[in-house]
Number of protein chains: 8
Amino acid sequence: AFATLDTDRQARRGYPEAVYCAGKTPAQVGLIAADARRHAQVTLFTRAGAEHAAAVLTALPDAVHDPDAGLLAWPPEPPPASGGLVVVVAAGTSDLPVAREALLTARYLGRRTELVVDVGIAGLHRVLGHLDLLRSARVVVVAAGMDGALPGLVAGLVSAPVVALPTSVGYGAAFEGVAPLLTMLNACAPGVAVVNIDNGYGAGHLAAQIAAS
Amino acid sequence: AFATLDTDRQARRGYPEAVYCAGKTPAQVGLIAADARRHAQVTLFTRAGAEHAAAVLTALPDAVHDPDAGLLAWPPEPPPASGGLVVVVAAGTSDLPVAREALLTARYLGRRTELVVDVGIAGLHRVLGHLDLLRSARVVVVAAGMDGALPGLVAGLVSAPVVALPTSVGYGAAFEGVAPLLTMLNACAPGVAVVNIDNGYGAGHLAAQIAAS
Amino acid sequence: AFATLDTDRQARRGYPEAVYCAGKTPAQVGLIAADARRHAQVTLFTRAGAEHAAAVLTALPDAVHDPDAGLLAWPPEPPPASGGLVVVVAAGTSDLPVAREALLTARYLGRRTELVVDVGIAGLHRVLGHLDLLRSARVVVVAAGMDGALPGLVAGLVSAPVVALPTSVGYGAAFEGVAPLLTMLNACAPGVAVVNIDNGYGAGHLAAQIAAS
Amino acid sequence: AFATLDTDRQARRGYPEAVYCAGKTPAQVGLIAADARRHAQVTLFTRAGAEHAAAVLTALPDAVHDPDAGLLAWPPEPPPASGGLVVVVAAGTSDLPVAREALLTARYLGRRTELVVDVGIAGLHRVLGHLDLLRSARVVVVAAGMDGALPGLVAGLVSAPVVALPTSVGYGAAFEGVAPLLTMLNACAPGVAVVNIDNGYGAGHLAAQIAAS
Amino acid sequence: AFATLDTDRQARRGYPEAVYCAGKTPAQVGLIAADARRHAQVTLFTRAGAEHAAAVLTALPDAVHDPDAGLLAWPPEPPPASGGLVVVVAAGTSDLPVAREALLTARYLGRRTELVVDVGIAGLHRVLGHLDLLRSARVVVVAAGMDGALPGLVAGLVSAPVVALPTSVGYGAAFEGVAPLLTMLNACAPGVAVVNIDNGYGAGHLAAQIAAS
Amino acid sequence: AFATLDTDRQARRGYPEAVYCAGKTPAQVGLIAADARRHAQVTLFTRAGAEHAAAVLTALPDAVHDPDAGLLAWPPEPPPASGGLVVVVAAGTSDLPVAREALLTARYLGRRTELVVDVGIAGLHRVLGHLDLLRSARVVVVAAGMDGALPGLVAGLVSAPVVALPTSVGYGAAFEGVAPLLTMLNACAPGVAVVNIDNGYGAGHLAAQIAAS
Amino acid sequence: AFATLDTDRQARRGYPEAVYCAGKTPAQVGLIAADARRHAQVTLFTRAGAEHAAAVLTALPDAVHDPDAGLLAWPPEPPPASGGLVVVVAAGTSDLPVAREALLTARYLGRRTELVVDVGIAGLHRVLGHLDLLRSARVVVVAAGMDGALPGLVAGLVSAPVVALPTSVGYGAAFEGVAPLLTMLNACAPGVAVVNIDNGYGAGHLAAQIAAS
Amino acid sequence: AFATLDTDRQARRGYPEAVYCAGKTPAQVGLIAADARRHAQVTLFTRAGAEHAAAVLTALPDAVHDPDAGLLAWPPEPPPASGGLVVVVAAGTSDLPVAREALLTARYLGRRTELVVDVGIAGLHRVLGHLDLLRSARVVVVAAGMDGALPGLVAGLVSAPVVALPTSVGYGAAFEGVAPLLTMLNACAPGVAVVNIDNGYGAGHLAAQIAAS
Ligand SMILES: Nc1ncnc2c1ncn2[C@@H]1O[C@H](COP(=O)(O)O)[C@@H](O)[C@H]1O
Ligand SMILES: Nc1ncnc2c1ncn2[C@@H]1O[C@H](COP(=O)(O)O)[C@@H](O)[C@H]1O
Ligand SMILES: Nc1ncnc2c1ncn2[C@@H]1O[C@H](COP(=O)(O)O)[C@@H](O)[C@H]1O
Ligand SMILES: Nc1ncnc2c1ncn2[C@@H]1O[C@H](COP(=O)(O)O)[C@@H](O)[C@H]1O
Ligand SMILES: [Mg+2]
Ligand SMILES: [Mg+2]
Ligand SMILES: [Mg+2]
Ligand SMILES: [Mg+2]
Ligand SMILES: [Mg+2]
Ligand SMILES: [Mg+2]
Ligand SMILES: [Mg+2]
Ligand SMILES: [Mg+2]
C-alpha cells in the first residue's frame, strides 16, 4: 500500500484529488490510473514526465495529455462549465507551459477559460489592449517570471481578484522564481493572491474555487 | 504635492483607496484625512501609529479606531453588507491583531464577517469544533505564525478558497514570518491564496473581492 | 590509509558505525566492506549508489540492499528486537524512500518497526484512522516534504516524542526541503525532534536510541 | 473569547499546556492565570516579560519565577520525579538562560535534572571531565551558540540521544542562531535531535518525553 | 589622523568627495567640515543624524540641510546647472526622503532637476500623466519600495536610461528593500541601472554623470 | 498566437526589441526570425542555444552568430556608430562570453566599442596600464565574477559612469554571482550602475543609452 | 558555578583565555576580573559594554580600557613584543573601532603593531602611498565594510598573508557585513584569511599567531 | 589576447600565478601551458577537468596531474622545501580531494607537508591520537564538510594558526558547504583562518605564506 487516495475529497470539497507524479514511479502512477478507471473517477495527473504519461495512457488511452504542462486529465471531456469566467494571462511566451497548466486545471474543474499571451509591462500597450476581456473575468490568473510585475499592474485595473503565479523564468538574480514571488507578495495594488513558484495546478484550482459563483 | 491619491480607484475597481500611514508624517496623514472629509469619501487608514491616529481623529473625530490593528475607518458606519460570508480565523491569541485588521477591512468593504480565535493544530479538536461555520463561508481567512500549518489544514476541509495570512509571531527559525509564509506557499491542500506577512489589510481586501458574489 | 573507521563506536555508544558512501569511490567502499566481513562487524552502508552497492555486494554477497533508500545492511538478519515500537509515517508516496531508510536503520539497530504511508493533512481522516497504532509507539518518525505540517499534527495527538524528517519533495518555494524543515522547527506542538533534510539514517538512529527503553 | 486553552492536552498527551506569553497582553495572561488557579491546573508560562510575570504573580502569588529564563511555574512544587535523568549542558555562560528554561521545563514535567555549565570545545578537557555524569543520563540537552559544535561532540561520546538547542549567542555570521542551528542539523555523530533557536521550553519538553522511561 | 580625504577626487573624476557620516563621531565630522571651509571645497555630508548636522552647521553655518534626507551641502548655492535634465520620481509618499537625497545630490553636482511624487503602478493613470516630462529627461531616477515595479515600467516608456533606487519601504516579505531590489535587477524592460537600497546619494551621483552631456 | 512582439518599441524608445530565446522552442524562435525578415526589422536574439541558433540561421542565413555569448544579430551589418565610446572590460578570461554579449549589444545598438581582457585586481598594474583608454570612454562596462571588485575600482579612476556586470564565475561562496552582485551594489566609489547576473545584453543596452550623446 | 575558565589555555596554546562579556551579567564579569587579579593572570575582556567595563575596573582599576573597541586589558602593560610586525588597516573611518580591537589584541598577545586609516579603493593612491609599510609586515589585517574590496587588493601587492576582517559598516545590500564577508571569501588574490564580521578580537589573535615567528 | 598573465607576481609576491581553468576553453589553457614552457615558469593549473588536463599534458607532458584534485603542476619537481611544516587534515574520506589540492599547492609553493585522514569529531579519540604531529606544525589546514566542527576543535589544542577549509560534502541543510563555512567563521576557539568552500588552492597558498618562516 504505497498510496492512500483521498477519495472522500470530491464529497468533502467538491473537487476531485489530483495525482502528483513527481516523486512516484511510473508503475505506481499506472496502478493509480487503473484504479481511476475502475471507479470511473475524474482525475488529474500533474508534474508527469514522459514515462509517467506513458503509464497513464496505457491505463487510460483516451486521457488528454499536455506534455509541456506535464498534465493529464481523464475522462477527456471536461465537466460542463459553470460559474464565472477565468482569464489566464502569460506575461511572456516562456511562461506559457505553466499558464496552460493553470488554464487546463480550471477547465477540468468546471470553469470557462480564456488565454492571453506575451503582454509584459515592457510594452504596456499590449496588456491595455485586453482590458475589456480582463474586466469581464470573475478572476484573472497572471503567470510571470523575471520581475513579476504584471499581476500587480492587472490588479490595479480590474475589480476581480488576481491569482499571481510566479514562474522560474529568468536568470541570475531571479533565483528560480524567488524574485517574481516576492514582487507579487509585495504588490502595491491589493487583490493579489499568490501561489507557489511554477504551481500552475494550484493557481488553476484556486481560480476555479473563486469563480465557482 | 506630497501625495497623488488614486481617487479614481472606487470607480475603476469598486473599492476605495486605503492610506498606508507607515512612511508618512502625522501632518501628511492629517491633511489626507481632511481631504477625505471634504470629498465625503470612504477611507481606510492602515499601519497607523498613535500619532497618525491622533492626526486622523482631529480631522475625522467620528472615525472608528482599532489601535491593536493600527486601523482607522471613516465614516464609522460600514456600508450595508452584501455578497458571501467572510470567516476570519486566528490560529493563536498572538495572531489576533492582524486577524482583526483583515476582518475590519472586509467589513468596511461591505462583507459580513465572523471571527474564530486560538484553534491551532496543537489541539486539533478546537478547529474541528467550528467546521459548520467554516463550511458556511464564501471564503476563509486564516492568520497563523510559527509553523503556519492551519490554513492548509482548513483548506482540506472546506470547498471555499482560503486566504492564508502569515504573521511574524514566533521566534528563532520563524524568521519574522518567513517560516509560516513558506508553509502556506507549499500547502499540500490546493485552494490556498497567500498574502504578505502581517498584511491583514491585503487579506481582508482579497477576501472581500472573492466574497463579492 | 583513506579511512579511520570508528571501530570503538559499538563499545562506546552501543551502536555500530555506518559507512557514508556519498563521497567515497566504489573501490574504497569495497575495501571497507571486505574489512567488515573480516571482523564480522555489523555494518550499515548509507547513501549508496548503484556502483557502491555492487562493490559492497561483491564483498558481502548476502547483504540486504534497498536501492530506493540507498541502504545496505550486513549481516542480513537484524539483531533481535528490543525496546519500544518505532512507527514510521510517510506523509506522501514520494517520501517513501527516505522513510524506508529510517525504518530499516531502526530495525537494524534492534527495534520493532511499523510503516504508515500517504496520510498527509490534505485529507485529515487518513492519519486519524491510524491513531491507535500511533499511540502505541515509543517514538514516531514522520517524513514529510512540501509544507511539512504532519509531524507537528501527530505530535499534538500522542504522548511519545516525534522525530520530524523533512524531505526534499516539493518544488519552487519548498527550496529542496527548507520549507518543511522550518515548519518542523516551528511546530506549535512540543515534542518534535528535527533532523537534517532527507536524513533517513539519522532519523532512524535517533528513533532507535529513544526507543531503547 | 481571546483564547481557547487546550485543556484536553493533559489527558490526551500526558503533559499540560504551556502559555506562550510573547504575543499576549499582560491582562490576557493574568486572566489565564486566574483560570489556572480556579481549575487547580499545573501550568507553565513561557516567554514572559516583566509585565507578564507581574500579572501571573498577582493571580498566583506562590508561582515560581525565573526572570532570566522568562518562565513561571505553578504550583511551585514540581511533580514527583519519575523516568530517567535529564542532564542539561550550557556550552557557555551566555547560554545559561536558555539552558535553565530547558531544565526547569523538564523538572516541572516530572524528571530529575542536572546542570553543567561553560564546557565549550575551545577547552576540550572541560566537557571530558563530566563524562560519567553525561553517560548516566537517559537524555542530554546541550545548549550552544556560535559554532554550535558541542552537541555533536557529546553525541559521539554517549549512547543516549542528545537534544541540541541552538542559541542566538554570537555575532556577525552567527546570524542570531542560524549558524549553530545548521551545525546541529549536520552533526557528524548520529543521535542529535534539533529544536528551534532559543527554544528552551521545547528542548525541555522533548527531553521529558524521551526520558519518560 | 582618523581620515584621509580623497581631495584629489575633484581633479581626477570631476566630482568632489562626499562625507559618509554614519560611522563617524560628530566631533570627527565637525573637524572635516572645518577643513572644508579652510580649503573652500564643495562638500556633501550624507547619512547625517541630528548630532552630525549640528556639528557641520557649527563649522559651516550657511550649509543647506535636509533633515529627512540626512543631507547637508556646502556652499549653499549649487554650481551653475549644465548637461541634461534629471527627473526624480518617488513611487509613493514614503519614498520621498530617499528621492530627495538623490535629487539634491544631482543638483549639487551641477544638474537641473524635477520631482514627481506618488505615481505607483496601483493607479497607472498617474504616471502616464507625466509622460511628457519623463520623455524630456536625459535620465530618470525612480525610487520605489514594496514591489519596486515602477522603474521597469518607466524604462519601457522612455528612451533615456532609468536609475532604479530601491527603498526599504514596505513590510514582511519586502525584507527591508530586498524585494524591490530584486524586481529592479530583473526588470523586463532594458535600460535599468540599479543602485543599493536607500542609496539616494549614489543614485543622484550616477544620474549626474549620465546627464553630464 | 504564442508571441506579441513589441514592434512599437523602436518608435517609442529608439531601440528595437530583442528576442529572449531561453524559454522558447526552436520552432517558435524560427517563426519570429522569419517575421523579422518579412518586416526587414533589426533584431537581436539573446540566450540562444545551438538549436535556437540553427532555427534563426535557417530563416536569416546571413545573421551574425556568437555562440559563446549565445547572441545572434540581424542584419549582420551594425548601424553606423554614433554617440560616445563604450569600453567593455572583462576582469578574467572566464568573464569573456558575458562581456562579449555586452559589447555586441552596444555595437548593434549603434555605438563604438573597445574590449579589455583579464585585468583583475589581483595584479593591479594590468588595469592601470589601460587608464588612457578607460578615461576616453563615455561609459565603461566592467564584467567580473568572484569578488566583483573591479567595477568599483575603475569607477574611482574615471569620470564616466561604470556599468557593473556581475558574472556567475567562481564557486562556493560566490553563490552563482551573488557575491560579485553584492560587492557592486556596495561599491565605495559612486558612479556604479548594476545589472543582473550574467546579463550582458542588459549591460550593453544600458551602456548604449548612456553613451547616446 | 556559572563559568569554567580555560585556565589551561596559556600552557596548552601559549595565549591566555579572553572573557567574552556580551552574554554575561556585569556581576559575573566582575567576579571573573577579581579572579584574574588573584591569580595574576593576563586577561582580555572583549565585547564589554559600559556596565561590564565598570565592573572590571572596580576589580582591576589599572586595566586599560578602549570603550569604542569594547576591550579591556590587564595588566595594563603589554608583554614585551616579539615576532614580526602586524600592520592593521582600516578602509574607512567607520571601520576604526573594529580595527583597534584587532590591533590591541595583537599588541597584548605580544606583537609590534602599526595602524593605517581611511585608504579605501575609491581613492587608490591612498593605499599605494603606504606600500613600504605594508611590505614590511609579517601579516596585514585589513578591516573593511561596504564592498570589502580592500583586503584582496592589498593581498595582491604583498607577500605576507592578509587577515580580512569584514565590518557591519554600510547599509541596504551590505546586510550587516555579509557583502564584505562574501567579497573577502571570494578574493581573486590568494593569501586572504577571513574571520567573522566585526570580530576584531579574532583577527588580532590570528595575526599574533601568524606573526609569532 | 584572451589572457593577461600576471607574470610580475613571482617578483612582487614571491609566489607564481596559478591558472584557474574552470571558465577557460581547453584550447586557451593549452596556449597558456605552451607559454609557461617557453618562459620556463613554475605554474599551477587549478580546477582542471579532463579536457583541460589533456591540453596541459600535450604542452607539458611531464607535468604532475592529480585528477581528483583537478590540479596540475609543472615542472614536476616541487621547489626545495623551506619554512615550517604544513599539516593537512581531512575530516572524512570525502574531504580528501580538496585536502589534497591544499597539500599539493603548499608543497609546490615550497613547504614540507603531512596528511591526516578521517578523524572527524564523531570519534574523538582519532584526532587526539595525532596530537604530537599537529603540535609540530607551523600551520594546520583542516578540511571538513557537514558540521565543519573539526577546525575549531583542532585550534583549541595547538598554538599554531588553523586554516579552515569548508567542503561541499554533506546534504540537505549543509547547503553545499554553507553550514561548515558558518561553523568555521563562528569557531569558539580563536586562531581560525577561513577560506572559500572547496578552495583547496587558496587554503594551501595561505598555509604556505603562514609557514614561510
Ligand atoms: N497595509 C497595507 N499593506 C499593503 N498595501 C497597502 C496597505 N495600506 C494601503 N496599501 C496600499 O498601498 C498603496 C499605496 O499607499 P500610499 O502610500 O498611501 O499611496 C495604496 O494604494 C493602498 O492600496
Ligand atoms: N546517511 C548519513 N547521514 C548522516 N551521517 C551519516 C550517514 N551515514 C553515515 N553517517 C555518519 O557519518 C560519519 C562519517 O562517515 P565516514 O565518512 O564513512 O567516516 C559516520 O560516523 C556515520 O555515523
Ligand atoms: N550615503 C552614501 N552611500 C554610499 N557611499 C557614500 C555615501 N556617502 C559617501 N559615500 C562614499 O563613501 C566613501 C567613503 O566615505 P568616508 O567614510 O567618508 O571616507 C566616500 O568616498 C563617498 O564617495
Ligand atoms: N582554484 C582557484 N580558486 C580561487 N582562485 C584561484 C584558483 N586558481 C587560480 N586562482 C586565482 O585566480 C586568479 C584568476 O585566474 P585567471 O582567470 O587564470 O586569470 C589567478 O590570479 C589565481 O591566483
Ligand atoms: Mg515578449
Ligand atoms: Mg493557544
Ligand atoms: Mg497522497
Ligand atoms: Mg567560557
Ligand atoms: Mg499613494
Ligand atoms: Mg587572469
Ligand atoms: Mg574616506
Ligand atoms: Mg569516517
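Assignment of secondary structure puts Thr93 of chain B in the loop between β5 (85–90) and α4 (96–108). The class for Thr93 of chain B is buried, based on a relative accessible area of 4%. Once residues within four sequence positions are removed from consideration, Thr93 of chain B is found in contact with Val117 and Asp118 of chain B together with Phe2, Ala3, Lys24 and Gln28 of chain D.

Between chain B and chain A, the residue contacts involve 31 residues of the former and 31 residues of the latter. Around 2400 Å² of area is buried between chain B and chain A when both sides are counted, 50% of it from carbon and sulfur atoms. Together, Arg13, Leu185 and Pro190 of chain B form the three largest contributors to the area buried by chain B at its contact with chain A, with a combined 25%. Where chain B touches chain A, the interface holds zero salt bridges. The tally of links between chain B and chain A comes to 21 residue pairs in polar contact (both at pLDDT 80 or more).

All names here are of chain G. Enumeration over the complete set of coordinates arrives at 70 salt bridges over all chains. Here Arg47 and Glu101 are joined by a salt bridge, their closest N and O atoms 3.7 Å apart. Residue Arg47 is found in the loop between β2 (43–46) and α3 (50–59), and its partner Glu101 is found in helix α4 (residues 96–108); the two are separated by 54 residues along the sequence. According to the relative accessible area criterion, Arg47 is partly exposed, its value standing at 26%.

Moving on, we come to unusual backbone geometry. For the peptide bond that leads from Trp74 of chain B to Pro75 of chain B, omega is -5°, which places it in the cis range. Phi is positive for Met146 of chain F, close to 45°, though the residue is something other than glycine. Inspection of the secondary structure puts Met146 of chain F in the loop between β7 (139–144) and α7 (150–155).

This paragraph deals with the site of ligand 1. Near ligand 1, the surroundings consist of 14 residues, among which Arg9, Glu17, Lys24 and Thr46 of chain B together with Tyr171 of chain E are the closest. Residues within reach of ligand 1 are spread across chains A, B and E. Between ligand 1 and Asn199 of chain B, the relevant distance is 3.4 Å, taken from a nitrogen atom to a side-chain nitrogen or oxygen of the residue. Residue Asp118 of chain E places a side-chain N or O atom 3.4 Å away from an oxygen atom belonging to ligand 1. Computed on the free molecule, ligand 1 has an accessible area of 490 Å², of which 93% lies beneath the protein chains in the complex. Residue composition of the shell around ligand 1, by class: seven nonpolar, two polar and five charged.

Residues and elements named next belong to chain E. The element strand β7 (residues 139–144) is extensively covered by neighbouring structure, given that six of its six residues are classed as buried. With burial as the criterion, each face of β7 is covered, one bearing Val139, Val141 and Ala143 and the other bearing Val140, Val142 and Ala144. Strand direction decides the pairing type here: β7 and strand β8 (residues 162–166), joined by five bridges, are parallel. Directly across from Ala144, in β8, lies its bridge partner Pro166.

We now examine the packing of aromatic side chains. Counted by the stated rule, this structure contains eight aromatic pairs over all chains. Aromatic side chains Tyr20 of chain A and Tyr171 of chain C sit 6.2 Å apart centroid to centroid with 25° between the ring planes, which places their arrangement in the stacked category. Taken together, the residues span two chains, with Tyr20 of chain A in strand β1 (residues 18–20) and Tyr171 of chain C in the loop between β8 (162–166) and α8 (178–185). Judged on exposure class, the residue Tyr20 of chain A and its partner Tyr171 of chain C are both buried. In this structure, Arg47 of chain B packs its charged tip against the face of Tyr171 of chain E, placed 3.9 Å from the ring centre.

Conventions and cut-offs
Residues numbered from 1 in each chain as written. Chains lettered and ligands numbered in written order. Predicted model: local features only at pLDDT ≥ 70, side-chain atom pairs only at ≥ 80, totals over all residues. Heavy atoms only, no water. Helix = DSSP H or I, 4+ residues; strand = E, 2+ residues; numbered from the N terminus. Buried < 20%, exposed > 50% of the residue type's maximum accessible area, 1.4 Å probe, protein only. Contact = heavy atoms within 4.5 Å. Buried area = accessible area lost by both parts, 1.4 Å probe. Salt bridge = Lys/Arg side-chain N within 4 Å of Asp/Glu carboxyl O. Polar contact = N/O pair within 3.5 Å; in protein donor to acceptor, adjacent residues only side chain to side chain. Near = heavy atom within 4 Å. Areas by Shrake-Rupley, 256 points an atom, 1.4 Å probe, with all protein chains shown as cover. Nonpolar A, V, L, I, M, F, W, Y, C, P; charged D, E, K, R; others polar. Pairing = 2+ DSSP bridges. Phe/Tyr/Trp six-rings, centres within 6.5 Å; stacked < 30°, edge-to-face > 60°. Lys NZ or Arg CZ within 6 Å of the ring centre and 35° of its normal.

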